Amino acid sequence: MTTAAPAATTRASAPNRPADVIFKAVSTTAGVLILIALAGVAIFLVAQAVPAIIGPLPDDDSFWAWVWPLTFGTLWSAFLAMVMAVPMAIAIALFITHFAPRRLASILGYAIDLLAAIPSVIYGLWGIAVLAPFMQPAYAWLAENLGWIPLFSPPASGTGRTILTAAIVLAVMVLPIITALCREIFLQTPRLNEEASLALGATRWEMIRMAVLPHGRSGIIASSILGLGRALGETMAVAMVLASAGAVTFVVVGSQNPSTIAANIALRFPEAHGITVNMLIGSGLVLFAITLLVNAISRWIIAKTTVDGGR
Amino acid sequence: MTTTISAPRQAQNPLTAGQLPRWSPWATLLAALLVGAAVAGLIAGASGAQFSIVTTAVIGFVLYLVAITVVSQLIEGGRKATDRFVTGLVTGAFLLALIPLVSLVVTVVANGLARFDLEFFTYSMRNVVGEGGGVLHAIVGTLLVTLWAAIISVPVGIFTAIYLVEYGKGKLAKAITFFVDVMTGIPSIVAGLFAYALFALFFGEGVRSGIGGAVALSLLMIPTVVRSTEEMLKLVPNDLREASLALGVPKWLTIAKVVLPTALAGIVTGVTLAVARVIGETAPLLIIAGFTTNMNYNVFDGRMMTLPVFAYNQYVSPGVQEQAYFDRAWAAALILILIVMILNIVARLIAHFFAPKAGR
Amino acid sequence: MKFTKLGRAAVVAAAGALLLSSCAANESGADEAAPEGSQAAGSSLSGDLAGAGASSMGAAQEAWIAGFQTENPDVNVTYDPAGSGAGREQFIAGGVSFAGSDAYLKDEELEGEFGACVPDTLPVDLPVYISPIAVIFNVEGVDSLNMDASTIAKIFSGQITSWDDPAIAEQNEGVELPATPIQPVHRSDDSGTTENFTEYLAATAAADWTEGVFETWPSSVYSTSEGAQGTSGVVDAVSNGTGTIGYADASRAGDLGTVALKVGEEYVPFTADAAAAAVDASPRVEGRHEGDIAVELDRTTTEAGVYPLVLISYAIACSEYQDAEAGELVKAYLSYVASEEGQAAGQENAGNAPISDELRDEILAVVDSIQ
């Protein structure tokens, strides 16, 4: 979103007043503070990770061979989760803002906000106690009847605690986050644009497609990234639900599932000592780098898609 | 429609011609569900399995989408048909998404109510073995740690967003935007490790305190606050800023009195979400805030229990009377949701009283 | 910025109001009541004592802390069940006064410095928590099965895949076994339970268990088995699955079916006494320093009535504390833990096996020497 807004206002700025200077200084300091904090985290991570990355590991594996299955699992589970969550979240946000009766809409919006607050431990408990047993017959059916598709190749897991279950839990977790922000963004669509397109005879969907979605595009991507950040870094829920084996496989219904970086850290850290600690923090650094990359890509997408300057 | 207007005129009335009556979607849905139920019944009969509501719903929904689109296409034309199709799809997606969310809430409430009694709110876990006990110490801990996390991250977050939207240009702004995004990817456990390393540097090894937890949480909270505030500030129409500046209002006053209030509802939602995001964090608090069964009101000294850590611990290492531990875990989760609910109401009230009256 | 100020003020006021009005009912008035109570109990101890370590003894520590604090109302004891590794690390760094650990201190750890101890004195390992590990399974209609170590090894390594396999059937005459596939479940996190379980299999069924002993189930071996986090995870996976089998702390076996292990010519189900007997029947680790009680569990024992699949957790404490007060607290606390009363309280809440009188005398002698 590099539109002309800030530039326009700076051009019009009045002569410098002390209050203005202070206000600007405070804002700038806040931004710089974030950079310092992040630099601190980065230094900490790198310093702790270096011994594992360069040094010899206990079983002679290279660090990268060790971290690769985890990286794969992190990306794969987050990808599956986002494929489910983003369309759903947009649909829910649209439903709340443009389809539901208004009184119902505010209650729904409120309910969705609350769901974002359920601690991940509870999602984990729910995943184990409710979702996994519920999904297990479906997995068995998929493996039996659609086993020729690589995703569903048999044998199916006996407990249902597969990467797909974990991804569904992740999707349910990020859904409220994406929805809440999308809803807020859709509500900010200029009323005039909406009314104008309706007045021109557009159907509700055409109005949404031409006025609401273009206006909210950057917001949708931004909120999806927030959701993705959570999906990538989610620790407890995945650690509890997923029956991880550290395999690299695209099969989503079997008992051989890749683990994720964050879940692996949580599982191993309490009992870790010596070089293992460095290895775990090193994998944290990898996760950090992945998010960096994902964000760079999303920034690039936003920059490309908002040429028309929706507002 | 056809009943109210005589037949010859109907074809010439451009406003009502070619419209489905209002009840048609509902009728179609009902018919589709009935067919779905019939098919599900047949399948159940043939395979000897139980009658499946899931099958009914899936078949019914698909049939409804097809039927309403085809009918609308024939009578109302292509554009209307697309609209009806999308309406059906969006509503369907909404209902589908509600299933896990409702299931989750029902599970938490149903399991949480077992220990939702007075003792639970007035007792700590000191000297409690097996049944009984309460979470007052964890409630206080969660509130204090989260409050301090908010005190740290809300001003930093909002001012950063203001900088980015109103002042920022050039490399610094780009760097901050980028690294705020990066921050969203800090795994929560890494935030905890960092906070621990930082505090251990000043207070020695083995340090445990609520404020350390707050620092770890604020690392996780800041990016959410910045990103949501930034989005909301960007949505404030430029006309407002320019109008205010043209009247000779200083820029900082323009931001404080015009821009922020306009975006207030969104910012409050963002902050509430950010709080919601961190209030349920377990991993970092496990490392830095520690574990205790006693009350502690002082965030700067001593271990501090928090609700998510409590729930996790009760689940992970229960004693022989398992059920008592699990009941406490669920009840703690329920309380956590209620706390966020109250925070939410407060936030909405603030937004309601301070935001300018908008069109909606 | 009017709104943030007001908003924050409102939040602070709300939180403050709640805090002021809140005071745990079971702790209220502790300050006034405490001196009286403590005089009545004849205890002069006061202060804070912090420990951390193995989550396996978390529930037992809960009971011990409650019992100890009731006797000494002015003492605050905390035990953070963060894990054995974390506990040892914090103890070494001096962050906590005692640690709980599923393994005794390693030789290389003993070479280093210990933050809370007087320099050049060595800490001691005390086996205060003994818990049988149960092999649990979920097969409809079957409550108990007899198995020898080699059968268990074959099941977990994927060589036996069905419940009606002759190897299981011939040890369990009269039990009707279904033809359902077996789904083994293991702990996916680092744990002493896995270490003890694999140690047992490696010692008694080396031919069928070729991968040796490990704390973490590696992804590359025996990949028919499914991972689950923590004891609770394993128990949940076994209870919610069909034809599942796993291993967990015996106190958590609940209604699940359990395996009686073949020891000598008999099949021994887990009991507290059989587990405690396993420790008594085992020799001490050789070459340890004075006062240290590190047990080398004898898994291959053929003695009658011994259940060799047990887990020992140690309390690790300094033999001489820099801070004399901390030393006194640790001494009093550990004396309580090892006492008959303490062990009984632990068993009631955690289901562990109380230590035998011989072992108690040995431990108490060491505890008494703590300064």
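Source: prediction; values computed, not measured.

## Here we look at the confidence of the model for chain A
Residue and element names in this part refer to chain A.
Step number 1: Chain-level pLDDT for chain A is 80 on average; 90% of the residues reach the 70-or-more range.
Step number 2: Helix 3 (residues 63-99) holds the highest mean pLDDT among the elements of chain A, 88, whereas helix 1 (residues 5-11) holds the lowest, 46.
Step number 3: Long-range and interchain partners of residues 1-14, a stretch whose pLDDT sits below 50, account for 23 contacts in this model, where long-range means more than four residues apart.
Step number 4: Counted against residues more than four places away or in other chains, residues 307-311, with its pLDDT under 50, gives five contacts.

## What about the packing of helix 8 (residues 188-203) of chain B against helix 9 (residues 210-234) of chain B?
Residues and elements named next belong to chain B.
Step number 1: Packing of helix 8 against helix 9 brings their axes to within 8 Å, and their N-to-C directions diverge by 135°. Comparing their axes, helix 9 and helix 8 come out oblique. Here the hand of the crossing between helix 8 and helix 9 comes out right-handed. Two secondary-structure elements touch here, helix 8 through Ser 188, Ala 191, Gly 192, Phe 194, Ala 195, Tyr 196 and Phe 199 and helix 9 through Gly 212, Val 215, Ala 216, Leu 219 and Leu 220.
Step number 2: For the contact of helix 8 with helix 9, the per-class residue count stands at nine nonpolar, three polar and no charged.

## What to know about the environment of Ser 153 of chain A
Residue and element names in this part refer to chain A.
Step number 1: With respect to the helices and strands, Ser 153 occurs in the loop between helix 5 (120-145) and helix 6 (163-187).
Step number 2: Put simply, Ser 153 and Leu 142 are 11 residues apart on the chain and 8.3 Å apart in space, counted from C-alpha to C-alpha.
Step number 3: When neighbours within four sequence positions are excluded, Ser 153 is seen to be in contact with Gly 147 and Val 251.

## What to know about the domain arrangement of chain C
All names here are of chain C.
Step number 1: Splitting chain C by domain gives domain 1 (2-131 + 277-294 + 311-368) and domain 2 (133-272).
Step number 2: Opposite the 13 residues of domain 1 that make contact, domain 2 presents eight residues.
Step number 3: Class assignment for the residues of the side of domain 1 that touches domain 2 results in six nonpolar, six polar and one charged.

## Observations regarding the interface of chain A and chain B
Step number 1: Contacts between the two partners involve 82 residues from chain A, matched on the other side by 83 residues from chain B.
Step number 2: Of the residues assigned to the side of chain A that touches chain B, the class counts are 57 nonpolar, 16 polar and nine charged.

## Describing the nonpolar core
A general trend in soluble globular proteins is that nonpolar side chains are found buried together.
Step number 1: Counting residues in each nonpolar core, the largest one holds 324 residues, and the members touching the most others are Ala 81, Ala 85 and Leu 170 of chain A, Ala 332 and Ala 333 of chain B together with Val 310 of chain C.
Step number 2: In terms of residues, this core owes the most to one element, helix 6 (residues 136-167) of chain B, which gives 21 residues.
Step number 3: Other than its neighbours up to four places away in sequence, Val 310 of chain C contacts Ile 130, Ser 131, Pro 132, Ile 133, Ala 275, Ala 278, Val 279 and Leu 297 of chain C.

## Observations concerning the UniProt feature "transmembrane region" (unreviewed entry) in chain A
Step number 1: In the numbering used here, UniProt assigns the feature "transmembrane region" (unreviewed entry) to residues 32-54, 74-96, 108-132, 163-182, 236-255 and 275-294 of chain A.
Step number 2: End-to-end, the C-alpha atoms of residues 236-255 of chain A are 19 Å apart, and along that stretch the chain is 30% helix and 0% strand.

## Side note on the pairing of strand 3 (residues 98-101) of chain C
Residues and elements named next belong to chain C.
Step number 1: Residues Phe 98 and Gly 100 line one face of strand 3 and the alternating positions Ala 99 and Ser 101 line the opposite face, and both faces are buried.
Step number 2: Judged from the three bridges that link them, strand 1 (residues 47-53) and strand 3 form a sheet pairing that is parallel. Residue Gly 53 lies in a different strand from strand 3, and its bridge partner there is Gly 100.
Step number 3: With four bridges joining them, strand 3 and strand 11 (residues 310-317) adopt antiparallel strand pairing.

Rules used in this analysis
- Residues numbered from 1 in each chain as written.
- Chains lettered and ligands numbered in written order.
- Predicted model: local features only at pLDDT ≥ 70, side-chain atom pairs only at ≥ 80, totals over all residues.
- pLDDT = per-residue confidence, 0-100.
- Helix = DSSP H or I, 4+ residues; strand = E, 2+ residues; numbered from the N terminus.
- Contact = placed C-beta atoms within 7 Å.
- Axes fitted to C-alpha atoms, helices over the stretch in contact; angles between N-to-C directions.
- Parallel < 35°, antiparallel > 145°, perpendicular 65-115°, else oblique.
- Left-handed = near helix turned anticlockwise from the far one by under 90°.
- Nonpolar A, V, L, I, M, F, W, Y, C, P; charged D, E, K, R; others polar.
- Domains from an automatic or database assignment.
- Core = buried A, V, L, I, M, F, W, Y, C linked by C-beta atoms within 7 Å.
- Buried ≥ 20, exposed ≤ 12 C-beta atoms within 10 Å, placed from the backbone.
- UniProt positions renumbered as here; feature names shortened; annotations may be inferred.
- Pairing = 2+ DSSP bridges.

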